[in-house]
Amino acid sequence: MRKKSILKSILYLLIGSALSISCSSDDGNQNNPPPAANENTWTLDTNNFIRSNSTQTATTYTSGEPFTIVNVDSNFNNNQIFKTCNFIPTFNTHTTGTYTVKSQNTVFSNVTLKTMYIKCFVSNGLGNGAMYESMDSDLTATVTQVDGKSVVTITEPVTLTRTYNDNFPQAPQTFTLTCNKVR
């Protein structure tokens, strides 16, 4: 009976730790990769989100050029205002490497460039939400692969601009986004 109680306490501690971890950048030390609990996390300003589930679609434009969509839903967040976030990076090609973060128009107007468009939907858990999108920048995102899945990391904060607001009064005009190995 006592063994069950100890295991339960450890489980609660691990869950609490995972929920409180913020997205951190890779310090470049290849011998000490970040713990798995830091992966699949992203932040919008100081609001932290952890991946709940995701889908990935590798398809082609009508011209035949490839692109990839990674659609990631967050767990329900303990933040009092921003309860959920849907993080959707879309990038030209199906390959790994460094992509420049751009607006939707720029990404889709030249499908041969290695560019990425980012969209996030946030909600307050009461049916109100807002959409944020990346604008043209020189900032980069890194795409790697793990078990055949695209993994996105953004270490330098990318500004996302609100492009839609559905009665969500606390939604700011912009957020800065970072993410760590989201797939």
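Placed above this text is the structure.
This brings us to the overall build of the protein. Check the secondary structure of the protein and you find two helices and ten strands. In the protein, which comprises 183 residues, the share counted as buried stands at 39%. Taking the intrachain contacts of the protein between residues at least 6 apart in sequence as the baseline, contacts between residues at least 24 apart amount to 59%.

Turning to the nonpolar core, a few remarks are in order. Trp42, Leu44, Phe87 and Val122 are the most contacted members of the largest nonpolar core, which has 30 residues in total. Setting aside residues no more than four positions away along its own chain, phenylalanine 87 makes contact with Trp42, Val70, Asn71, Val72, Ile118, Lys119, Cys120, Leu177, Cys179 and Val182. In this structure, Phe67, Val107, Val111 and Tyr117 belong to the second largest nonpolar core, which totals five residues.

Time to look at the packing of aromatic side chains. Under the definition given, this model contains nine aromatic pairs. Aromatic side chains phenylalanine 82 and phenylalanine 168 sit 5.5 Å apart centroid to centroid with 45° between the ring planes, which places their arrangement in the tilted category. Of this pair, phenylalanine 82 sits in the loop between β3 (66–74) and β4 (84–92) while phenylalanine 168 sits in the loop between β9 (149–166) and β10 (174–182), placing them 86 residues apart in sequence. For the pair tyrosine 132 and phenylalanine 175, a centre-to-centre distance of 4.7 Å together with 55° between the ring planes defines the contact as tilted. Separated by 43 residues along the polypeptide, tyrosine 132 in strand β7 (residues 129–134) and phenylalanine 175 in strand β10 bring together distant segments of the chain. For the pair shown, tyrosine 132 and phenylalanine 175 are each scored as buried. Chaining the aromatic ring pairs together yields one cluster made of Tyr61, Phe67, Phe108 and Tyr117.

At asparagine 40, a residue that is not glycine, the phi angle is positive and equals roughly 60°. With respect to the secondary-structure elements, asparagine 40 resides in the loop between α1 (2–20) and β1 (41–44). Assessed through its relative accessible area of 11%, asparagine 40 is described here as buried. Of note in this structure, aspartate 45 is not a glycine but carries a positive phi near 55°. Looking at where aspartate 45 falls in the secondary structure, it is placed in the loop between β1 and β2 (47–60). The exposure class of aspartate 45 is partly exposed, given its relative accessible area of 36%.

Turning to the environment of threonine 68, a few remarks are in order. In this fold, threonine 68 is placed in strand β3. On a C-alpha basis, the gap between threonine 68 and serine 150 in space is 8.6 Å, while along the polypeptide they are 82 residues apart. Residues within four places of threonine 68 in sequence aside, it is in contact with Thr57, Ala58, Pro89, Thr90, Phe91, Thr93, His94 and Ser150. Looking at threonine 68, its side chain comes within polar contact range of the main-chain oxygen of threonine 93, at 2.9 Å.

Right, let's talk about the side chain of threonine 153 for a bit. Checked against the element boundaries, threonine 153 lands in strand β9. Residue threonine 153 is classed as buried on the basis of its relative accessible area of 15%. Reaching out from threonine 153, the side chain makes a polar contact with the backbone nitrogen of lysine 181 at a distance of 3.1 Å. Among all residues touching threonine 153, those that are not within four sequence positions of it are Ala141, Thr142, Cys179, Asn180 and Lys181.

Calculation rules
- Residues numbered from 1 in each chain as written.
- Predicted model: local features only at pLDDT ≥ 70, side-chain atom pairs only at ≥ 80, totals over all residues.
- Heavy atoms only, no water.
- Helix = DSSP H or I, 4+ residues; strand = E, 2+ residues; numbered from the N terminus.
- Buried < 20%, exposed > 50% of the residue type's maximum accessible area, 1.4 Å probe, protein only.
- Contact = heavy atoms within 4.5 Å.
- Core = buried A, V, L, I, M, F, W, Y, C linked by side-chain atoms within 4.5 Å.
- Phe/Tyr/Trp six-rings, centres within 6.5 Å; stacked < 30°, edge-to-face > 60°.
- Polar contact = N/O pair within 3.5 Å; in protein donor to acceptor, adjacent residues only side chain to side chain.

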